[in-house]
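# Coordinate analysis (summary)
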Amino acid sequence: MDKKIVAEKIRTLLEGRIARLLGCDVGDLHSMKLGALAHFLFLLIGDSEVMPGFNTAMAALRDLVGVELMWSVDKPEAAVTPKEIIN
């Protein structure tokens, strides 16, 4: 299992859930570490029964991707392509 691939798949899932809850596009979200995304999602819906307990969720995330990927991998910035201006 490639931990980087797992981390990116989890990131995509968390960003999608947060964007849906906030009513925005994923691209509108500020760049956050994977662990911060998990914390933030729990803050938003942690009192409902759709999520596991906080400690269980964070321990599972840490065990899957490791502490380094959990707290140091930022969302890759989209490459800015200069727009062509035609006069």
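Please read these numbers as outputs of a predicted model, since none were measured by experiment.

So, on to the nonpolar core. Formed by 18 residues in total, the largest nonpolar core has its most connected members in Ile10, Leu14, Leu34, Leu61 and Val65. Those elements giving two or more residues to this core turn out to be helix 1 (3–22), helix 2 (34–45) and helix 3 (54–72). Here this core gets six residues from one element, more than from any other, and that element is helix 1. Ignoring anything within four residues of it in the chain, the contact list for Leu14 reads Leu34, Leu37, Ala38 and Leu41.

In total, this model carries one aromatic pair according to the counting rule given. Plain terms: the ring middles of Phe42 and Phe54 are 5.3 Å apart, the flat faces sit at 70 degrees to each other, and that makes the pair edge-to-face. Taken as a pair, Phe42 in helix 2 and Phe54 in helix 3 lie far apart in primary sequence, 12 residues in all. For Phe42, a relative accessible area of 18% gives the class buried.

Taken together, the side chains of Leu21, Leu22 and Leu44 make up a nonpolar region of the molecular surface, amounting to roughly 240 Å² of accessible area. Relative to the assigned elements, Leu21 resides in helix 1. Judged by relative accessible area, which is 45%, Leu21 ranks as partly exposed.

The first and last C-alpha atoms of helix 2 sit 17 Å apart over 12 residues, in line with the 16 Å expected at 1.5 Å per residue. Taken together, the buried positions of helix 2 are Leu34, Gly35, Leu37, Ala38, Leu41, Phe42 and Ile45. For helix 2, the angular spread of the buried residues around the axis is 160 degrees, confining them to a single face. For helix 2, the elements touching its buried residues are helix 1 and helix 3.

Enumeration over the complete set of coordinates arrives at three salt bridges. For Glu8, the salt bridge is made with Arg11, and the minimal N-O distance between the two is 3.7 Å. Taken together, the residues Glu8 and Arg11, both in helix 1 and three residues apart, mark about one turn of the helix. Taking relative accessible area as the criterion, Arg11 reaches 3% and is therefore assigned buried. The salt bridge partner of Arg11 is Glu15, with a shortest N-O separation of 3.7 Å. Here the residue Arg11 and the residue Glu15 both occupy positions in helix 1, the gap between them amounting to four residues, near one helical turn. Across this residue pair, the class does not change: Arg11 and Glu15 are buried.

How each quantity is defined
Residues numbered from 1 in each chain as written. Predicted model: local features only at pLDDT ≥ 70, side-chain atom pairs only at ≥ 80, totals over all residues. Heavy atoms only, no water. Core = buried A, V, L, I, M, F, W, Y, C linked by side-chain atoms within 4.5 Å. Buried < 20%, exposed > 50% of the residue type's maximum accessible area, 1.4 Å probe, protein only. Helix = DSSP H or I, 4+ residues; strand = E, 2+ residues; numbered from the N terminus. Contact = heavy atoms within 4.5 Å. Phe/Tyr/Trp six-rings, centres within 6.5 Å; stacked < 30°, edge-to-face > 60°. Patch = residues over 30% accessible without salt bridge, like charges linked within 9 Å, V, L, I, M, F, W, Y side chains within 5 Å. Areas by Shrake-Rupley, 256 points an atom, 1.4 Å probe, with all protein chains shown as cover. Salt bridge = Lys/Arg side-chain N within 4 Å of Asp/Glu carboxyl O. Expected span 1.5 Å × (residues − 1). Arc of directions from axis to C-beta.

Remember that the coordinates give geometry; whether it matters functionally is a separate question.
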